[in-house]
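# Examining the three-dimensional arrangement
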Amino acid sequence: MFTHTHALQFEAKPDGPDPDFARKMQEVLGGQWGEMTVATQYLLQGWNCRLPGKYKDMLLAIGTEELAHVEMIVTMIDRLLDHAPLKPDAADRTKEAAAGYGQHNPQHLIANGSGASYMDSMGNPWTGAYVTASGNLYADFSYNATAEMQGRLQVARLWNMTDDPGVKDLLRFLLTRDHMHQQQWLAAMEELKSDGLDGVPVPEAFPLEEELPEFAYTFIDASDGPDAAAGRWANGPALDGTDNVLTSAPIAAHADAPILPPGDPRLYGTPPVPMQGLLQKAKDALT
């Protein structure tokens, strides 16, 4: 059950309109790493969670907070679109027509009546395909930490694209919460480990004896870069709690070159041509 409070979690009021920056703000609303993604992702993970208790409760709490962030960004975009010019000759140098007519998103006016939409900064619609809810909490929390890092990265870039004090106030709040949320997911992963729930490799419950041991701990060097195997990922103890050691080896073939049989003629693929026939055609072309 949800309820809504009209008061915002944090102020979302620019000092002046800026339709160009409203378009930029769309990225952290409806882009792959925007607030629509994390809000619906955390809620879906929580609703699907079959482990009652602290992890489910935490997912639902943060997902609901992220909905509040969606509302704040929508509100900011709406206010940035106040007095947006409707045609080029209205885009004068007044504060009401700031940011330039040519850089605005016309859909803000045509499709949304001077409002935000669930799209990114290029007008691509937000999609549920951005959302990950695998049912494995360790895998999901790891991905959630990535989402917060990517989201904070984009908000930090927006910070350097505006001088509006009111916009910066909201961005400062979002940066701060993304900082906290990164810590939250990393801490939740540590908590899962301490509770004995799905460590590395994910899923931990899959029997290691079914794997191929000669490939489980070997970094395969498939690059001519001299330092590809110089890091921790190719040296030292394994990270999965076993006594194995991480090593490296150059890439090598472990199977013969594939030769496929002729396809079903009813599919009208190109029929195989004997090699001798190709050689004869080449000779005929030279004579």
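Check the entry above for the structure.
First, a word on scope: everything that follows refers to the structure included in this document.

Rules and cut-offs
Residues numbered from 1 in each chain as written. Predicted model: local features only at pLDDT ≥ 70, side-chain atom pairs only at ≥ 80, totals over all residues. Heavy atoms only, no water. Helix = DSSP H or I, 4+ residues; strand = E, 2+ residues; numbered from the N terminus. Contact = heavy atoms within 4.5 Å. Areas by Shrake-Rupley, 256 points an atom, 1.4 Å probe, with all protein chains shown as cover. Salt bridge = Lys/Arg side-chain N within 4 Å of Asp/Glu carboxyl O. Buried < 20%, exposed > 50% of the residue type's maximum accessible area, 1.4 Å probe, protein only. Expected span 1.5 Å × (residues − 1). Polar contact = N/O pair within 3.5 Å; in protein donor to acceptor, adjacent residues only side chain to side chain. Patch = residues over 30% accessible without salt bridge, like charges linked within 9 Å, V, L, I, M, F, W, Y side chains within 5 Å. Core = buried A, V, L, I, M, F, W, Y, C linked by side-chain atoms within 4.5 Å. Pairing = 2+ DSSP bridges. Phe/Tyr/Trp six-rings, centres within 6.5 Å; stacked < 30°, edge-to-face > 60°. Axes fitted to C-alpha atoms, helices over the stretch in contact; angles between N-to-C directions. Parallel < 35°, antiparallel > 145°, perpendicular 65-115°, else oblique. Left-handed = near helix turned anticlockwise from the far one by under 90°. Nonpolar A, V, L, I, M, F, W, Y, C, P; charged D, E, K, R; others polar.

### Looking at the overall build of the protein
Within the protein, the regular secondary structure consists of 9 helices and 3 strands. Secondary structure of the protein in N-to-C order comes out as α-α-α-α-α-α-α-α-β-β-β-α. Considering only C-alpha atoms, the protein reaches an extent of 75 × 70 × 45 Å along its principal axes. Within the protein, residue pairs in contact and separated by at least 24 positions form 74% of the contacts whose partners lie at least 6 positions apart. Accessible area for the protein stands at about 17700 Å²; split by element, carbon and sulfur atoms hold 58% of it.

### Details of the pattern of salt bridges
All told, the structure shown has 7 salt bridges when counted by the stated rule. For the salt bridge of glutamate 191 with lysine 54, the shortest nitrogen-to-oxygen distance reads 2.7 Å. Of this pair, glutamate 191 sits in helix α7 (residues 165-194) while lysine 54 is found in helix α4 (residues 54-80), placing the two residues 137 residues apart along the sequence. A relative accessible area of 34% means that glutamate 191 is categorised as partly exposed. Looking at lysine 54, the relative accessible area reads 44%, which means it is partly exposed. A salt bridge links glutamate 65 to arginine 177; the shortest N-O distance between them is 2.8 Å. Of the two residues, glutamate 65 sits in helix α4 while arginine 177 sits in helix α7, which places them 112 residues apart along the sequence. On the basis of relative accessibility, which here comes to 14%, the residue glutamate 65 falls in the buried class. We classify arginine 177 as partly exposed; its relative accessible area is 24%. When salt bridges with common partners are traced through the structure, they connect Lys54, Glu191 and Asp195 into a single cluster.

### Comments concerning α7
When the terminal C-alpha atoms of α7 are compared, their 43 Å separation across 30 residues agrees well with the 44 Å that a helix rising 1.5 Å per residue should span. For α7, the N-terminal cap is aspartate 164; the gap from its side-chain oxygen to the backbone nitrogen of glycine 166 is 2.9 Å. Looking one or two places after α7, you find glycine 196, whose phi comes out positive at around 70°.

### Let's talk about the side chain of glutamate 148
Considering the arrangement of structural elements, one finds glutamate 148 in helix α6 (residues 137-159). Residue contacts for glutamate 148: discarding those within four places in its chain leaves Tyr42, Ile62, Glu66, Asp178, His181, Gln182 and Trp185.

### Remarks on a nonpolar patch on the surface
On the surface, Phe2, Leu44, Trp47 and Leu67 cluster together to form a nonpolar patch covering roughly 390 Å² of accessible area. Looking at the element boundaries, leucine 44 is found in helix α3 (residues 35-48). Given the relative accessible area of 33%, leucine 44 is considered partly exposed.

### Topic: the nonpolar core
Core analysis: the largest hydrophobic core is formed by 27 residues, its most contacted members being Met25 and Ile77. Elements that contribute at least two residues to this core include exactly α1 (19-25), α2 (27-30), α3, α4, α6 and α7. Apart from the residues lying within four places of it in its own chain, the contact partners of methionine 25 are Ile73, Met76, Ile77, Leu80, Leu158, Leu170 and Leu171.

### Some points on the sheet that holds strand β2 (residues 236-237)
One open sheet accounts for 3 strands, arranged β1-β3-β2; its pairing is mixed. In the strand order of this sheet, the two ends are held by β1 (218-221) and β2, each with one partner. Here β2 runs beside strand β3 (residues 245-250); their pairing, made up of 2 bridges, is antiparallel. Bridge assignment links proline 237 to a residue of β3, and that residue is valine 245.

### Brief notes about the packing of aromatic side chains
Taken as a whole and judged by the stated rule, the model has 6 aromatic pairs. For the ring pair tryptophan 33 and tyrosine 143, a centre distance of 6.0 Å and an interplane angle of 40° mean the geometry is tilted. Placement of the pair is tryptophan 33 in the loop between α2 and α3 and tyrosine 143 in helix α6, with a sequence separation of 110 residues. For tryptophan 33, a relative accessible area of 17% puts it in the buried group.

### Examining the packing of α3 against α4
Viewed as axis vectors pointing N to C, α3 and α4 meet at an angle of 155°, and their least axial separation amounts to 8 Å. Between α3 and α4, the crossing angle belongs to the class labelled roughly antiparallel. Both α3 and α4 take part in a crossing whose hand is left-handed. Contacts from Glu35, Met36, Val38, Ala39, Tyr42, Leu43, Gln45, Gly46 and Trp47 of α3 reach α4 at Lys56, Leu59, Leu60, Ile62, Gly63, Thr64, Glu66, Leu67, His69, Val70 and Ile73. Of the residues belonging to the contact of α3 with α4, the class tally is 12 nonpolar, 5 polar and 3 charged.

### A few points about the packing of α3 against α6
Packing of α3 against α6 brings their axes to within 11 Å, and their N-to-C directions diverge by 165°. Between α3 and α6, the angle falls in the class roughly antiparallel. As α3 packs across α6, the resulting crossing turns out to be left-handed. Facing α3, whose interface residues are Val38, Gln41, Tyr42 and Gln45, α6 presents Asp140, Tyr143, Asn144, Ala147 and Glu148. A breakdown of the residues in the contact of α3 with α6 according to their chemical character gives 4 nonpolar, 3 polar and 2 charged.

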